[in-house]
Amino acid sequence: MDEDWELYRDKFRNRLPGDLAELRGPEHGVVQLPLHVAWSGLTAYDLDQPRQRMGLYRTVLHEGQHDDLIDFLNRDILLTLWPTLRKLVGRAVRSVWEEAFPELLGAAE
């Protein structure tokens, strides 16, 4: 594989939690993302609205740092959303997460 591609993947790989169980984000309510995560567009997401919940997860997966992933993502919601979410995130994000957490592949089937 191309060295630039691997460097790009490393950007996401280095942010990963050790285990999906570490993802302890909220399940309901309005979540306000910090500016370093939601630097363009929506910054507040209502997790009880499916489209907003999907938008928050997509944004945090792409822009969030390690602590943001843990604070804003929830393991059970991620597993539920993954079959659709994996089609909305970039190839690097998808491949890094699925390689690190094979249970996501099971959710996607």
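The following paragraphs examine the structure supplied in this document. Please read these numbers as outputs of a predicted model, since none were measured by experiment. (Residues numbered from 1 in each chain as written. Predicted model: local features only at pLDDT ≥ 70, side-chain atom pairs only at ≥ 80, totals over all residues. Heavy atoms only, no water.)

Quick look at the packing of helix α1 (residues 3-13) against helix α5 (residues 91-100) now. Helix-helix packing is described using two parameters, namely the angle between the two axes and the distance between the axes. Contact geometry for α1 and α5: axes closest at 9 Å, N-to-C directions at 60°. For the element pair α1 / α5, the angle class is oblique. For α1 against α5, the interelement crossing comes out right-handed. Each of W5, Y8, R9, F12 and R13 in α1 lies in contact with α5, whose residues at this interface are R91, A92, V93, S95, V96 and E99. Taken together, the residues of the contact of α1 with α5 break down into 6 nonpolar, 1 polar and 4 charged. (Axes fitted to C-alpha atoms, helices over the stretch in contact; angles between N-to-C directions. Helix = DSSP H or I, 4+ residues; strand = E, 2+ residues; numbered from the N terminus. Parallel < 35°, antiparallel > 145°, perpendicular 65-115°, else oblique. Left-handed = near helix turned anticlockwise from the far one by under 90°. Contact = heavy atoms within 4.5 Å. Nonpolar A, V, L, I, M, F, W, Y, C, P; charged D, E, K, R; others polar.)

For the rest of this paragraph, the subject is the layout of surface pockets. Any empty space left between the atoms is revealed when a probe the size of a water molecule rolls over them. The space that makes up the largest pocket amounts to roughly 160 Å³. Contributing to the lining of the largest pocket are V37, A38, W39, S40, Y45, G55, R58, T59, H62 and E63. Class assignment for the residues of the lining of the largest pocket results in 4 nonpolar, 4 polar and 2 charged. (1 Å grid on protein atoms, 1.4 Å probe; cavity = no way out; pocket = protein on both sides within 12 Å on 5 of 7 lines; lining within 4 Å. Points joined across faces, edges and corners; volume = space filled by probe spheres on them.)

Note: α-helices contain 3.6 residues per turn, so residues at a spacing of three or four share the same orientation. Among the residues of α1, those classed as buried are W5, R9 and F12. One side of α1 carries all its buried residues, which in axial view fall inside an arc of 50°. Exposed side chains of α1 directed beyond 90 degrees from the buried face belong to E3, D4 and L7. Looking at the packing, one finds that the buried side of α1 touches α2 (50-63) and α5. (Buried < 20%, exposed > 50% of the residue type's maximum accessible area, 1.4 Å probe, protein only. Arc of directions from axis to C-beta.)

Overall, the coordinates contain 2 aromatic pairs when judged by the stated rule. Between Y8 and F12 the ring centres are 5.2 Å apart and the planes differ by 90°, which places this aromatic pair in the edge-to-face class. Within this pair, Y8 and its partner F12 are both found in helix α1, separated by 4 residues, close to a single helical turn. The exposure class of Y8 is partly exposed, given its relative accessible area of 37%. Look at F12 and you get buried, because its relative accessible area is 3%. Measuring from ring centre to ring centre gives 5.4 Å for W97 and F101, while their planes differ by 45°; the resulting arrangement is tilted. (Phe/Tyr/Trp six-rings, centres within 6.5 Å; stacked < 30°, edge-to-face > 60°.)

In this fold, H62 is placed in helix α2. A residue is classified by how much of its surface remains accessible, and H62, at 18% relative accessible area, is buried. With sequence-adjacent residues up to four places away left out, H62 is seen in contact with F12, R15, V89, G90 and V93.

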